[in-house]
Structures are given as C-alpha cells and as structure tokens.
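Examining the three-dimensional arrangement
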Protein chains: 2
Amino acid sequence: MKVVTCIAPVNIAVIKYWGKSDEDLIIPINDSLSGTLSMDTMCAKTTIIASPELQENIFWLNGKEQSFDNKRLANCLQEVKQIADKSLPHLNWKLSIKSENNFPTAAGLASSAAGYACMVTALAKLYEIKGDVSYIARMGSGSACRSMYGGWVLWCKGSSSDGKDSIAKQIAPAAHWPEMRVIVLVVNDEKKKYSSTDAMKRSVQTSELLKHRANHVVPKMVKACIEAIKKKDFETFAEITMKESNSFHAICQDTYPPCVYLNDTSHTIIAAVHAYNEFKSANKVAYTFDAGPNAVLYLLESSVDEFISVINYVLPPMDNNGDYYKGLPVSPSQLSQKLKMALNASIQKPGGLKYIIHTKIGEGPKLLSEPQEHLL
Amino acid sequence: MKVVTCIAPVNIAVIKYWGKSDEDLIIPINDSLSGTLSMDTMCAKTTIIASPELQENIFWLNGKEQSFDNKRLANCLQEVKQIADKSLPHLNWKLSIKSENNFPTAAGLASSAAGYACMVTALAKLYEIKGDVSYIARMGSGSACRSMYGGWVLWCKGSSSDGKDSIAKQIAPAAHWPEMRVIVLVVNDEKKKYSSTDAMKRSVQTSELLKHRANHVVPKMVKACIEAIKKKDFETFAEITMKESNSFHAICQDTYPPCVYLNDTSHTIIAAVHAYNEFKSANKVAYTFDAGPNAVLYLLESSVDEFISVINYVLPPMDNNGDYYKGLPVSPSQLSQKLKMALNASIQKPGGLKYIIHTKIGEGPKLLSEPQEHLL
C-alpha cells in the first residue's frame, strides 16, 4: 500500500485567464499572472491511497463521494500515468482519493484550482514523477497550474496544439516581496452562481471585445506587471491589477447575454479603493475580482489596518459577528474625519460582507509525511 | 418684438455615442443611431423673445435662472447668428430664453438632448435659417443633434475638422414602424451621478477597449441596425440593441477608474428580458441603458402588457403608488405559472422602480404658434 498526502495553495490572478482556445485540453487564449496565497490561511489537502486490495477507485471531495468518471479528473490521471515509469508495481492499483479545502467553498475562491493542484501534486508524488507537471494540473482546472508554484506565477498560454507548453512558471518567489498582503472581502450574495466554464465559453463566442483584449491588451499588461513585481513597484502593480480586473469584467459585460459577477457591494469596494488611493495621492490598495462578487485586495503590510478600517466604515459588519476576521491578525483603528470625508461614501447597511480574510503570498504545494496528517 | 416657441423630443440611442474626438465642437468618435420618442409623453419646450427693449440676455431653465456665459449655449448662439442673414433687424437684440422639460430631469433621460434640440430649433426659426442645423444642436449637447428629426435617426460622426459634416440624418420616419413601443423603467437610485461628459473623456483617455469598439464594433452594428430598422426585423434589431448597450457599459467598466451606471436593479431587468425572450423563443423585448441605471425597453405593441406584468413580478411596485404608469395606457395582466417559473427570478423587494413610462416613436421638433403656448 502507498499513501501520499499533499497540500496546495489558492492563487489570485492579477492578470486574468478568460477564454479557452481548446476546451478539452484547457488551453487559454491569453497568458495570466497570479500571486500564490499562503497555505497557513487557506489550502487544499489531498490524501491518495493506492492499494492492490482496493476493489474500485473512490474519490471523496469535501466529505462527499464524487464520480471517478469526471472527465477532468480522468484526463489528469491518464496523463500522469502516461509519463510514469511503467515498471512501477502500483501503477495499476486502484486509488482512494480524499480531498478537502480548509476554507469554505462558498467563499468563491477558486477552490478547484487549489484542489487540482493538490491532486496532481499527490499523483505525481505517488507515481514518482519528476519535473514540471503544471500542464497536467491545467487539464483539471485551468488556473490550477498557477497553484503549482509559490510566489508570483505566470501561466504561459503556449503555442503547441497538445498543450504541453501551456505551463506555469515562477516569476518571483514568495520571499521576494515580503511586505505584500492579501485581503479577501467575502461578499454576502444570494444570487445563483453560473459556471465560469460556461460563461467563458459564451464570452469567446459572443464578445466582440474579447479578442482585442486577449491579443492586444493582455500581452502589454503581462509584460508591465512582471516588471512591476520584479521591481517591487507597488504603484504600477496596483494600477495594472485594477485595470486588468476592470478589463476582464468589461468582457463579461460585453458577453451576450452578459455575465455579471460584480454587484452593488463590489462596486462600493471599488469606489472605496479609488477614493482611498486618491486621498493618499498614491496607489495604496489594488482590487481584483474573479468570477464572483468577492473582492481580493493586494496591499502592503503598512496599509492593512487603515484600509480594514475604511472597509468597516463603508461596509459595517453586523453586530456580534465574532468570527469576522480570519487569517493573519488585524487591528482596525478609528478613521480620521478627513479620511471619512474623502471617502464620500454612500455607507452601506451592516452585513454586506460575510467575513474578511487577511493573508499573504506563500509557497507552492507541499508533501506532508507525518502519519497523523493523512486524510485517510 | 419677436417671439418663437418650439417643442423638441427626447431620443434613445440604440447605438450609443461615447467618446469625443473634439471636446469643444463635440465631434464623436463613432456614429450613433436612435429612436425619437413621441412628444405626447415627453418633450422640451423653449420660448425665445428677442426685443430691442431687453437690457441683457436672460436664460431660464426649468424655473431657474442660468448663466448666459455657458460655453455650449454661447457656441450654439454664435453659430446660428453666423449663418443668419446679417440684415435681419433683430439679429442684435437681446434675448430672453425660457426652457422647460415636461418630464422630471431626475428621470435621467438625456434632458439636455431635448433641451438643446429645442433651443437650436427656436433660434433657427427666430433668425429665419433654412436647412439642417443639427450640427449646431450637436455643439450644445452631442446627442441633441439626433433629437432634430423624428423617427429613426443616424448621427454621422463626419470627417471634417470643423464638425460641419457631423450631423443627424433621418433613416426612417416615425410612421415607418408604427407598432414600435418604448418603455422607460425609472430606477430608484440614491447614488450620486457623475457627469457623462467627464466619464466619456476618461473613457477616451483610459479604456484600452474603446478604440476597438469605435473603429471595429460600432460600424458593423450601425450598418446591421439600419438594415434591421428598414426591414422592420425586430429579432435582429433587438439583438443589436442589447449587444450594443452591453458593449457601451463594457467600455464604462474598462474605464479607469470605472464608471458604473448599472446597478443591481438594472441587472435584474437585464436578466428578466433575457429570460422572457428565451421563454418566447424569440427576441420580444430589447433593453438599452444610457449613462444611468434606468432601463429603456424597445418592444412591439403586442408585447407591452405581458412584459409590464413581468416587470411587476420581478420588481413589484410599492403599494398605493397611484402615479406609477405614465404615458400611453397599459393593462398588466396575471402571469402564467409557467412564465413565472421561466423567469427564475430572485424577486426584488417592492420599490425598485420609481415609475414606468410607456411611449412610442414620434416626430421631430415642432413650432408652436398659438399665443397661449408660449412660456413667456
């Protein structure tokens, strides 16, 4: 019997992936770029057991049994086995896979990216594969490939029709920009979600602006953003991050019928960030939004406490919300009257946010070897 | 003493004007296309008195005295006088101008377009000018030029640097498509408005997608939409109208900082229109949104009552809202259970809309000659 347990991180794109050129292989129409979040706060965990005694493959995700016939899972497994050493005795043993996220999937935080990164890392370990397997994680969930590395990660769309060069590369390690912090504002939202896979497909089919974004806007932004990260130039990094989020949601709005992910609470956050940056005469905070209403803010450590206070001012928490802050500690303070005036906010009623996560940039997937760490 | 009184209509663009290539002359970066709304329901009215006894120019707008030094007003007046017969005795008499809208400016319905169309029509009449003066109305408020004609109107951006060929042309008269109706859903919104002049400028300066829209998307859409109007092909007309509204708001979202005009109520309306059209397996209703959250719906007479019922279902009116329907009569009915299911709506709490205006396509500006019709 073989047992492998891994953890893998969530990543938050600053240059977004939106649109596939190959639906089956998950090859994107543009490069994308992300920060990997610390696994101290959020991670996926997967244990895989391979045993000659197992009668059939089993897959448990967050406590629920899943079909093993799922095409994306099958693609990953097939690809890993294909490059594995064929003489491994356990290559044909059945598998029992158990996967969990230590953060609520309701957070809308691309749990599938961390999940597939974790699964592929564990499979690669199980079958003793060396070298980059980000292209395999990509076949599970596109942005999972970016969760295969820590720090700042570029997913190159590649040009090969088999997707073998559509892989992730680390641009800079987590330690490169140690002051960088990430705040996730989890928005209360009752709207039904629609699948981002479907929405993305509809954008490719109907948005007149998408091609221009993919071919002309994103390449410039990727280049400038990598440079800003390398130089630790927050001013430029923040501007690109916000513009890029806006550009992505513009494409969603240009899709027919439109796919609208931002709601009034999201727009309140956007307005607060711009008002705060204007007050500071510098970009101190950058927002980015994925396919949902939750804001992810990139900011330096020195801005965290004040900006949490800004958020508490425009989007007050409910009373007695004891579990409101998660992750790294925060110490929100009183805002100055001047800053309150500058925010010029239409203050929202309490309860617009479910909770706030404070975290930082972290490392890539990790093998856990202590027996008590296994999920099975 | 000379007295002239005119009325002029509101117009609602189906291909939007967004972005100037010349800020002073108000020359747009793309053609635009609109329907002119009936003056029976909404219009601007202007009376101009020219008298040798007036000591100074006076301008009243909706009951409030305005500065006569306003650059846009001065540009219009100067241009009209320039092409007038210089021997007219009253050419140098002072003016008293009184202008009013018969609809609340709070409706966010481009009151300046109707206002400047009315003013320029009255000035042209006063100074006995023949021929097209839509380029002069354009200098007051860009889209005012489209209110200079009834029916379906194209504003050609033109190519001359003095803007003389940036004029409006009628594509089809009001009588061409007599079944066409227009419903305005006036949304309750407390957000402060920002000037569309400023937002447009910011889009030109910052949106990476705007040029692509202006140069590649709009020309195709204008051509196809004119054809759809000429053929009275509602299916195509509706699709272009909705896509074009989405494309415009995509550009707003791509602007930095973004200018967000649509709110959660607007998106509820968009979702209801798409769900209704899907239920009917045809485009029965088309939405379009200008620089504000209010929806304008184009639809044929036969769909009005049912779609008003759809709106009442997803956005219920407040109780005792006696003045809720304005304009042409409506007879909302009960919705079938099947249609309610198909709407699959997250029904909003009552009061999302202020009121509903029902109107149709109408004629261009008109001279009123009965003495009791003057405002002064």
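All values reported here derive from a predicted model rather than from experimental measurement.

**So, the overall build of chain A**
Looking only at helices and strands, one finds nine helices and 17 strands in chain A. At 21 Å, chain A has a C-alpha radius of gyration in line with the 21 Å of a compact globule built from 376 residues. Principal-axis analysis of the C-alpha atoms places the extent of chain A at approximately 70 × 45 × 40 Å. Scored against the burial criterion, the 376 residues of chain A give a buried share of 57%. Partitioning the intrachain contacts of chain A with sequence separation of at least 6 by distance along the chain shows that 79% fall at a separation of at least 24. Roughly 15600 Å² of accessible area belongs to chain A as shown, and the carbon and sulfur atoms make up 49% of that amount. Across chain A, the centroid of the 41 positively charged side chains sits 2 Å from that of the 38 negatively charged ones.

**As for the relation of the copies chain A and chain B**
Least-squares fitting of chain A to chain B yields an RMSD of 0.0 Å, with the superposition described by an axial translation of 0.0 Å and a rotation of 180 degrees. In the structure described here, the two chain copies are related by an operation that fits a two-fold rotation axis. Using C-alpha coordinates, one finds that chain A approaches the rotation axis most closely at Ala250 of chain A, a distance of 2.0 Å. Mapped onto chain B, 100% of the interface residues of chain A again fall at the interface, so both copies present the same surface.

**A closer look at the packing of aromatic side chains**
With the rule as written, the count across this model stands at 26 aromatic pairs over all chains. Seen in terms of ring centroids, Tyr276 of chain B and Phe307 of chain B are 5.1 Å apart; in terms of plane orientation they differ by 65 degrees. Their pairing is edge-to-face. Taken together, the positions of Tyr276 of chain B in helix α7 (residues 264-280) and Phe307 of chain B in helix α8 (residues 304-314) put the pair 31 residues apart, joining distant regions of the chain. For the pair formed by Tyr276 of chain B and Phe307 of chain B, the shared burial category is buried. Residue placement shows Lys326 of chain A over the ring face of Tyr355 of chain A; its charged tip is 4.5 Å from the ring centre.

**Quick word on the interface of chain A and chain B**
Facing 31 residues of chain A, the contacting portion of chain B comprises 31 residues. For the pair chain A and chain B, the summed buried area comes to about 2600 Å², and 60% of that belongs to carbon and sulfur atoms. Counting the surface chain A buries against chain B, the share from its top three residues, Leu209, Gln253 and Tyr256 of chain A, is 25%. Across the chain A-chain B interface, the total number found is two salt bridges. The salt bridge partner of Glu208 of chain A is Lys220 of chain B, with a shortest N-O separation of 2.9 Å. For the pair chain A and chain B, the number of links is seven residue pairs in polar contact (both at pLDDT 80 or more).

**Looking at the sheet that holds strand β1 (residues 2-8) of chain B**
All names here are of chain B. Reading across from one edge, β8-β7-β9-β6-β1-β17 is the order of the six strands in this open sheet, with mixed pairing throughout. The open sheet has two edge strands, β8 (64-66) and β17 (366-368), and neither has a second partner. Sheet twist, expressed as the mean angle between neighbouring strand axes with direction ignored, is 25 degrees. With three bridges joining them, β1 and β17 adopt antiparallel strand pairing. For Ile7, the partnering residue across the bridge sits in β17 and is Lys366. Helix α2 (residues 111-126) rests against β1, β6 (44-51), β7 (58-61), β9 (94-101) and β17 of the sheet, and its axis sits at about 35 degrees to β6.

**Details of empty space enclosed by the protein**
For the coordinates displayed, the defined rule picks out four cavities of 30 Å³ or more. The calculated volume of the largest cavity comes to roughly 170 Å³. Lining the largest cavity are 16 residues, and of these His249, Gln253 and His267 of chain A together with Gln253 and His267 of chain B sit closest to its centre. Elements that contribute at least two residues to the lining of the largest cavity include exactly α6 (234-254) of chain A together with α6 (234-254) of chain B. Residues of the lining of the largest cavity, tallied by class, amount to ten nonpolar, six polar and no charged.

**Some points on the nonpolar core**
Ranked by size, the top nonpolar core spans 249 residues in total, and within it Tyr127, Phe237 and Ile269 of chain A together with Tyr127, Phe237 and Ile269 of chain B carry the most contacts. In this view, Ile269 of chain A contacts Leu185, Val187, Phe289, Ala295, Leu297, Ile311, Leu315 and Leu353 of chain A; residues no more than four positions away in its chain are not counted.

**Some points on the domain arrangement of chain A**
All names here are of chain A. For chain A, the assigned domains read domain 1 (2-174) and domain 2 (180-360). On a C-alpha basis, the centres of domain 1 and domain 2 stand 26 Å from each other. Of the residues lining the interface, 30 residues belong to domain 1; the matching set on domain 2 comes to 44 residues. Approximately 2900 Å² of surface area, both sides summed, lies buried where domain 1 meets domain 2, with 72% of it carried by carbon and sulfur atoms. Across the domain 1-domain 2 interface, the total number found is one salt bridge. The salt bridge partner of Lys16 is Asp290, with a shortest N-O separation of 2.6 Å. Inspection of the region where domain 1 meets domain 2 yields nine residue pairs in polar contact (both at pLDDT 80 or more). Elements with a contribution of two residues or more to the side of domain 1 that touches domain 2: β2 (11-15), β5 (32-36), β10 (152-155) and β11 (168-172).

**Structural notes on the pattern of salt bridges**
Throughout the structure, instances matching the rule amount to 21 salt bridges over all chains. In this structure, Arg181 of chain A engages Glu301 of chain A in a salt bridge whose closest nitrogen and oxygen atoms are separated by 3.5 Å. One end of the pair, Arg181 of chain A, is in strand β12 (residues 180-187); the other, Glu301 of chain A, is in the loop between β14 (295-300) and α8 (304-314), with 120 residues separating them in the sequence. Residue Arg181 of chain A is classed as buried on the basis of its relative accessible area of 9%. Judged by its relative accessible area of 48%, Glu301 of chain A is partly exposed. Linking Lys280 of chain B and Glu306 of chain B is a salt bridge whose minimum nitrogen-to-oxygen distance equals 2.8 Å. A residue pair is termed long-range when its members are at least 10 positions apart, and Lys280 of chain B in helix α7 and Glu306 of chain B in helix α8 qualify at 26 residues.

About the criteria used
Residues numbered from 1 in each chain as written. Chains lettered and ligands numbered in written order. Predicted model: local features only at pLDDT ≥ 70, side-chain atom pairs only at ≥ 80, totals over all residues. Heavy atoms only, no water. Helix = DSSP H or I, 4+ residues; strand = E, 2+ residues; numbered from the N terminus. Rg over C-alpha atoms; globule rule 2.2 N^0.38 Å. Buried < 20%, exposed > 50% of the residue type's maximum accessible area, 1.4 Å probe, protein only. Contact = heavy atoms within 4.5 Å. Areas by Shrake-Rupley, 256 points an atom, 1.4 Å probe, with all protein chains shown as cover. Lys, Arg positive; Asp, Glu negative; His and termini not counted. Charge placed at Lys NZ, Arg CZ, Asp CG, Glu CD. Least-squares fit on C-alpha atoms with pLDDT ≥ 70 in both. Phe/Tyr/Trp six-rings, centres within 6.5 Å; stacked < 30°, edge-to-face > 60°. Lys NZ or Arg CZ within 6 Å of the ring centre and 35° of its normal. Buried area = accessible area lost by both parts, 1.4 Å probe. Salt bridge = Lys/Arg side-chain N within 4 Å of Asp/Glu carboxyl O. Polar contact = N/O pair within 3.5 Å; in protein donor to acceptor, adjacent residues only side chain to side chain. Pairing = 2+ DSSP bridges. Axes fitted to C-alpha atoms, helices over the stretch in contact; angles between N-to-C directions. 1 Å grid on protein atoms, 1.4 Å probe; cavity = no way out; pocket = protein on both sides within 12 Å on 5 of 7 lines; lining within 4 Å. Points joined across faces, edges and corners; volume = space filled by probe spheres on them. Nonpolar A, V, L, I, M, F, W, Y, C, P; charged D, E, K, R; others polar. Core = buried A, V, L, I, M, F, W, Y, C linked by side-chain atoms within 4.5 Å. Domains from an automatic or database assignment.

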